Structure formats: structure tokens, C-alpha cells
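Residue-level listing of the chains:
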Amino acid sequence: MTMYLTQLDHRLWFPEPDLALADPEGLLAVGGDLSPERLLLAYRMGIFPWFDESQPPLWWSPNPRAVLVPAELHVSRSLAKLARQQRYRLTVNHAFEAVIRHCRELRESGPGTWITPDIERNYCRLHHLGHAHSLEVWDQHRLVAGLYGIGLGRLFCGESMFHLVSNGSKLAMLALCRHFAAHGGELIDCQLPNPHLQSLGVVSWPRSRFLHKLKGLQHASVSATCWQPTELSL
């Protein structure tokens, strides 16, 4: 099969993901825009954007794909103890804009971020349209950790997380896994594997397996209350 890099224009389309370049990160296409319509089409095809402000939009479909079955999250003793203490308050969709802003700002102070102003603006638009969701961890009224991503039926496409306290992002992931699974969620897309994710139980699937599973999960529904703003208990 010929693999190549596609130059996108104003038309709303993507090439098939298995045409991505033959490297693990799977660069597929360059260009286009970041409209909610294009972003949703990308996720529904197993594609996501990842680039910095010096680059045009770059679109990826990795092989292998990092995924997590919620019930298989590895909960360390320290994380289990933290959850039992109920020190922090947990919420769903209470502060999406603040979560994505924290994710951007913390990475700007480090090696750089793919959360450009255009990314931030359009994912907030997806949130207001009911497609993007966040989990928040609060120390009283202070947001200390969280994560966000895209909901596609029984698949949650994780995008980024942050923490200002020890184990904060792991607590957010634990809350996501339990809440999502309780409402019918079956799989979390973590995009690219890394040691931190693998320590949480994330595994690597061949892209073909992920794309096959994606077709079914995105057309199956979680319960109607899954993404309603609410407080959680573990």
C-alpha cells in the first residue's frame, strides 16, 4: 500500500488513516482548518491534530494506538489511599475552559505546547456544542488538576491533563474511568504510548484494531446523564 502525506485545503475531508506515513506517530495530512466540523470528522476517523504555533495543522493516526479500558486502570496504593481520603472535590464539565487553559499554560513553561490559541478556542467551541468534556479536581475552590477530551459515544478521546498537586491528574483519570464506565463507556483513546500512561494500565493496539473498534463505539451511546455537569464521588 502506498503511504503519503496529504495536503488539505478548504474541503472537509481526510484521507483514510491507513495511508499515514509508516512511522509510529503516523503523520497523515497537513493543512486545513480547526473548525469544530473538521475536528469532529477527524476524531470519527481516528485522526487528531498535533502541532505547534510554528507549523500548519498536522494530522496524525498513530500505529500502534495507546488505549485504556477503564476497568483496567492501574490504581496504585498511594492513589487508592488518596481517593479514600476524599480530600479533593471531583466534578464533570464544571470548568472546561479553565482546564484547557491550565494544560496550555503549564506546557508553555516547559518544552512547548500543541495547545495553540486556535486549538484552545475551537475545543471550547466543541465543549459548548456538547462534544468536548472535562474532569476537574478541586481543593476547596481552587482547581488543582484536570483533564479534557472528546466524547464519541462509548469512546472518550483523551487530549491533555494537568496537575498542581501530587497525583492530581491520576485522580482525575481514576474519576474519568469510573464515571465513564458507570455510564456505559468502554474505551479511552490515549493516542501515543509513553511510560507514564503505561504505568496507569494503558496498552498499545494496532491501528487496524483501534479503527475497527472506533466504528462501533462512536455509534453506541452512553447514558444521557454521563456528561451533565455534576459532582462525583469515588
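The present account deals with the structure reproduced in this document.

So, how was this worked out
- Here, residues in each chain are numbered from 1, in the same order as that chain's written sequence.
- For this predicted model, a pLDDT threshold of at least 70 governs which residues receive local features, and a threshold of 80 or more governs which side-chain atom pairs are given and counted, while totals over whole chains, interfaces and linings are taken from all residues.
- Values shown for side chains rest on all heavy atoms present in the structure; no hydrogens or waters enter the calculation.
- Helix and strand assignments come from DSSP, with helices taken as H or I runs of at least 4 residues and strands as E runs of at least 2, each series counted from the N terminus.
- One less than the residue count of a helix, multiplied by 1.5 Å, gives the span that helix is expected to have.
- Relative accessibility decides the category of a residue: with a 1.4 Å probe and only protein chains considered, values under 20% of the type maximum give buried, values over 50% give exposed, and everything between is partly exposed.
- Whether two strands pair depends on DSSP finding at least two bridges between them.
- Lines fitted to C-alpha atoms define the axes here, with helix axes fitted over just the stretch in contact, and angles between the N-to-C directions of these axes take values from 0 to 180 degrees.
- Think of it like this: strands point away, you trace from the first strand over the helix to the second, and a clockwise trace means the crossover is right-handed.
- In plain words, nonpolar cores are sets of buried Ala, Val, Leu, Ile, Met, Phe, Trp, Tyr and Cys residues tied together by side-chain atoms within 4.5 Å.
- Throughout, a contact is declared for two residues whenever any of their heavy atoms are within 4.5 Å.
- Nitrogen and oxygen atoms within 3.5 Å of one another constitute a polar contact, given that in protein one can donate a hydrogen and the other can accept it, and given that sequence-neighbouring residues count only through two side-chain atoms.

For helix H5 (residues 168–182), spanning 15 residues, the distance from its first C-alpha to its last is 21 Å, which sits close to the expected 21 Å at 1.5 Å a residue. Of all the 15 residues making up H5, 11 are buried; the element is thus mostly covered by neighbouring parts of the structure. Considered for burial, the residues of H5 that qualify are Gly168, Ser169, Leu171, Ala172, Met173, Leu174, Ala175, Leu176, Cys177, His179 and Phe180. Following H5 by one or two positions, Gly184 has its phi on the positive side, about 105 degrees.

Below, the discussion takes up the sheet that holds strand S6 (residues 89–92). Across the sheet, which stays open at both edges, the eight strands sit in the order S11-S5-S10-S9-S8-S7-S6-S12 with mixed pairing between neighbours. Where the open sheet ends on each side, the last strands, each with one partner, are strand S11 (203–205) and strand S12 (230–232). Averaged over all pairs of adjacent strands, the angle between strand axes in this sheet comes to 35 degrees, irrespective of strand direction. Relative to strand S10 (residues 187–191), strand S5 (residues 65–68) runs antiparallel, the two sharing three bridges.

Right, let's get into the pairing of S10. Counting buried positions over the five residues of S10 gives five, a clear majority of the element. Of the two faces of S10, the one carrying Leu187, Asp189 and Gln191 and the one carrying Ile188 and Cys190 are both buried. Summarising the sheet, strand S9 (residues 155–163) and S10 pair through three bridges and their orientation is parallel. Opposite Cys157, over in S10, you have Asp189 as the bridge partner. Note on the crossover from S9 through H5 to S10: the handedness is right-handed.

Let us look at the nonpolar core. Of all hydrophobic cores here, the largest spans 47 residues; its most connected members are Trp59, Tyr123, Tyr148, Ile150, Leu155 and Phe210. With five residues, helix H3 (residues 96–108) is the single largest residue contributor to this core. Sequence-distant contacts of Ile150, that is, excluding residues within four places in its chain, are made with Leu40, Tyr43, Tyr123, Leu126, His131, Ala132, Leu155, Phe156 and Cys157. Judged by nonpolar contacts, the second largest core, of 34 residues, contains Ala83, Val144, Phe156 and Ile188.

Looking now at the sheet that holds strand S3 (residues 48–49). Spatial ordering of the open sheet is given by S1-S2-S4-S3, a layout of four strands whose pairing is mixed. Whereas interior strands pair on both sides, the edge strands pair on one side only; in this sheet they are strand S1 (6–8) and S3. Where S1 meets strand S2 (residues 27–31), three bridges bridge the pair, whose relative direction is parallel. Bridge pairing links Leu8 to Gly31 in S2.

With eight of nine residues buried, S9 lies mostly within the body of the structure. As defined by bridge partners, strand S8 (residues 142–152) adjoins S9 across eight bridges and the pair is classed as antiparallel. Residue Leu152 lies in a different strand from S9, and its bridge partner there is Leu155.

With that settled, consider the environment of Trp138. In this structure, Trp138 sits in strand S7 (residues 132–139). A relative accessible area of 13% means that Trp138 is categorised as buried. Linking Trp138 and Ser208, residues 70 residues apart in sequence, is a C-alpha distance of 38 Å. Ignoring anything within four residues of it in the chain, the contact list for Trp138 reads Tyr88, Arg89, Thr91, His94, Ala95, Leu143 and Val144. One polar contact links Trp138 to Thr91, side chain to side chain, over a distance of 2.8 Å.

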